[in-house]
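A structural walkthrough
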Amino acid sequence: MSPRFTPEQIDAWRRDGGVLVEAFFTPEEVAAVQADFGRVFGDAAGADQPLVKTADGQGGAFHAAQFRNLDSIPFDGCHALNLIGLHPALIAFARAALGVEEVYLYQCQAWAKYTGAADYDQPFHCDYLNHTLVAPSEDTTRNTCTVMCYFSDVTEGHGPMHYVPRPLSEPIAPPEATIGGPPEVAELHRRLAPHARSTAGPAGSIFPYSIDLYHRGTNLTAPGGVRYAVTACFKRAGDDSIAFTAWPFHHMKPWGQLFARATADQLACLGVPRPGDPFWTETTLARAQRRYPDWDLAPYRAALLASA
Ligand SMILES: [Fe+2]
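This one's a predicted model, so the numbers in the text were calculated from it and none came from an experiment.

Definitions and cut-offs
- Residues numbered from 1 in each chain as written.
- Predicted model: local features only at pLDDT ≥ 70, side-chain atom pairs only at ≥ 80, totals over all residues.
- Heavy atoms only, no water.
- 1 Å grid on protein atoms, 1.4 Å probe; cavity = no way out; pocket = protein on both sides within 12 Å on 5 of 7 lines; lining within 4 Å.
- Points joined across faces, edges and corners; volume = space filled by probe spheres on them.
- Helix = DSSP H or I, 4+ residues; strand = E, 2+ residues; numbered from the N terminus.
- Nonpolar A, V, L, I, M, F, W, Y, C, P; charged D, E, K, R; others polar.
- Domains from an automatic or database assignment.
- Axes fitted to C-alpha atoms, helices over the stretch in contact; angles between N-to-C directions.
- Parallel < 35°, antiparallel > 145°, perpendicular 65-115°, else oblique.
- Contact = heavy atoms within 4.5 Å.
- Buried < 20%, exposed > 50% of the residue type's maximum accessible area, 1.4 Å probe, protein only.
- Salt bridge = Lys/Arg side-chain N within 4 Å of Asp/Glu carboxyl O.
- Pairing = 2+ DSSP bridges.
- Donors = N, O, S within 2.8 Å, 3.2 Å for Na, K, Ca; no water.
- Arc of directions from axis to C-beta.

Further remarks concern the layout of surface pockets. Taken as a whole, the largest pocket holds about 630 Å³ of empty space. Surrounding the largest pocket, 35 residues form its lining, F62, F67, Q122, H125 and D127 being those nearest its centre. Residue assignment for the lining of the largest pocket shows that the elements contributing at least two residues are β2 (103-114), β3 (144-150), α6 (182-192), β7 (215-216) and β8 (226-236). The greatest single-element share of the lining of the largest pocket, amounting to four residues, is contributed by β2. If you go around the second largest pocket, you meet 18 residues; those closest to its centre are P248, F259, V272, R291 and Y292. Looking at the lining of the second largest pocket, the elements that each hand over two or more residues are α7 (255-259) and α9 (282-291). When the residues that make up the lining of the second largest pocket are grouped by side-chain class, the tally is 13 nonpolar, three polar and two charged. Inspection of the lining of the second largest pocket shows a minimum of three residues originating in each of domain 1 (7-266) and domain 2 (273-308).

In structure tokens, the structure reads:
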């Protein structure tokens, strides 16, 4: 178990569907990732006034503007941001939460929100619709561990995700109620809202949650407010029922920079065979080195030699 989280927090994730873990990332890690957010999105500040499109109590709506400053890793020159979703402690949390040794990172995005750039208020919903073509399992370890990571201080004025712990939402509605039309969604929101908890926390906090957890984005209202977040979604390795990002589809991104700095354990979470895997031969090592000249293949080469 990593010292960055406790067995009780893993139990809470399984029971409640989500748990806030403060100070998961160190101030140094936060500062490095913050600087990379500035490189990717510029150092824009939020507006003085929030944008409000939805009347209070309506539960908000989904707007394309909410997802405008959202992009997938890797980013050119952003070495801290590129690997933060593969931090060894995050991998350890996902392994413990999902109860398996091998996990796969199937989504990792940087997301900047600004006061006034959108009305970020959403109705309560579950995320499974764009993570699987089927439905969430009753066994939460067969679902996913989606981790919302905050890299700026998130107060109630900075758009913290709100959620309803599973034991409180279960008597109200099952996850599939998220599929309803606007009247049903509004009614669902009205019934869940009294049980909402906030994920507000200082920079470096994480909120791992499950795809069957009712949650919603909230608006940024703080004058000049900015929220920097990274989503890191893990599943059991080999579970083809869950997906989001097909990494090779984004092959034009600067993967060589990430490969040059990642460990074999981190790369395994992206589907790279581990040292010692029969995939690795002299030929595949040479081909991979040609593609990523700065990748240190020594562990892979050593394992191949040891097996010869
Ligand atoms: Fe969501």
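There is more to say after this.
What follows covers the packing of α9 against helix α10 (residues 298-307). Packed helices, taken two at a time, are described by their axes: the angle between them and the distance between them. The N-to-C vectors of α9 and α10 enclose an angle of 170°; their axes lie 11 Å apart at closest approach. Between α9 and α10, the angle is such that the two are roughly antiparallel. Every residue of α10 that contacts α9 at E282, L285 and Q289 is listed here: Y300, R301 and L304. Residue classes in the contact of α9 with α10 are distributed as three nonpolar, one polar and two charged.

Once that is clear, we can look at helix α4 (residues 88-98). The α-helix advances 3.6 residues per turn, and as a result positions three or four apart in sequence lie on the same side. Burial of α4 is extensive: eight of the eleven residues sit out of reach of the surface. A89, L90, I91, F93, A94, R95, A97 and L98 are the residues of α4 that are buried. Two residues or fewer after α4 comes G99, characterised by a positive phi angle close to 70°.

This next bit is on the pattern of salt bridges. The full count for this structure, using the stated rule, is eleven salt bridges. R274 serves as the salt-bridge partner of E102, at 2.9 Å between the closest nitrogen and oxygen. Placement of the pair is E102 in the loop between α4 and β2 and R274 in the loop between α8 (264-268) and α9, with a sequence separation of 172 residues. Owing to a relative accessible area of 35%, E102 belongs among the partly exposed residues under this scheme. Note that R274 is salt-bridged to D265, the shortest N-O span being 2.8 Å. What makes D265 partly exposed here is its relative accessible area of 27%. It is possible to trace a salt-bridge network through shared partners that takes in R95, E102, D265 and R274.

Moving on: the sheet that holds strand β6 (residues 206-209). Either a parallel or an antiparallel arrangement is found when strands of a sheet pair, and the pairing is made through backbone hydrogen bonds. Reading across the sheet, the five strands line up as β1-β2-β8-β3-β6 and stay open at both edges, with antiparallel pairing between neighbours. Of all the strands in the sheet, just β1 (70-72) and β6 have a single pairing partner and so form its edges. Strand-to-strand twist of the sheet, defined as the mean angle between neighbouring strand axes without regard to direction, takes the value 20°. Pairing of β3 with β8 involves seven bridges; the strand directions are antiparallel. Paired with T146 across the bridge in β8 is C233.

Let us look at the coordination of the iron ion. All of the protein donors around the iron ion are H125 (NE2), D127 (OD) and H215 (NE2); their distances to the metal are 2.2 Å. Considered as a linear motif, the donors of the iron ion on their single chain read H-x1-D-x87-H. Of the two residues, H125 sits in the loop between β2 and β3 while H215 sits in strand β7, which places them 90 residues apart along the sequence. Like H215, H125 is buried.

Turning our attention to the environment of A35. Within the fold, A35 resides in helix α2 (residues 27-41). A residue is classified by how much of its surface remains accessible, and A35, at 37% relative accessible area, is partly exposed. Between the C-alpha atoms of A35 and C78, which are 43 residues apart in sequence, the distance is 8.5 Å.

Strand order across the open sheet formed by three strands is β5-β4-β7, with antiparallel pairing between neighbours. Sheet topology places β5 (197-198) and β7 at the edges, where each strand pairs with a single neighbour.

Turning next to unusual backbone geometry. Between I73 and P74 the backbone carries a cis peptide bond, its omega angle lying at -5°. Mapped onto the elements of the fold, P74 is located in the loop between β1 and α3 (79-84). One non-glycine residue with positive phi stands out, namely A23, at about 55°. Looking at the element boundaries, A23 is found in the loop between α1 (7-16) and α2. The class for A23 is exposed, based on a relative accessible area of 61%.

Further remarks concern α1. Residues of α1 that are buried: Q9, I10, A12, W13 and D16. Projection of α1 onto a plane perpendicular to its axis shows the buried side chains occupying an angular sector of 160°, all on one side. Here the buried face of α1 lies against α4, β3, α5 (166-169) and β6. At the exit of α1 stands G17, carrying a positive phi of roughly 85°.

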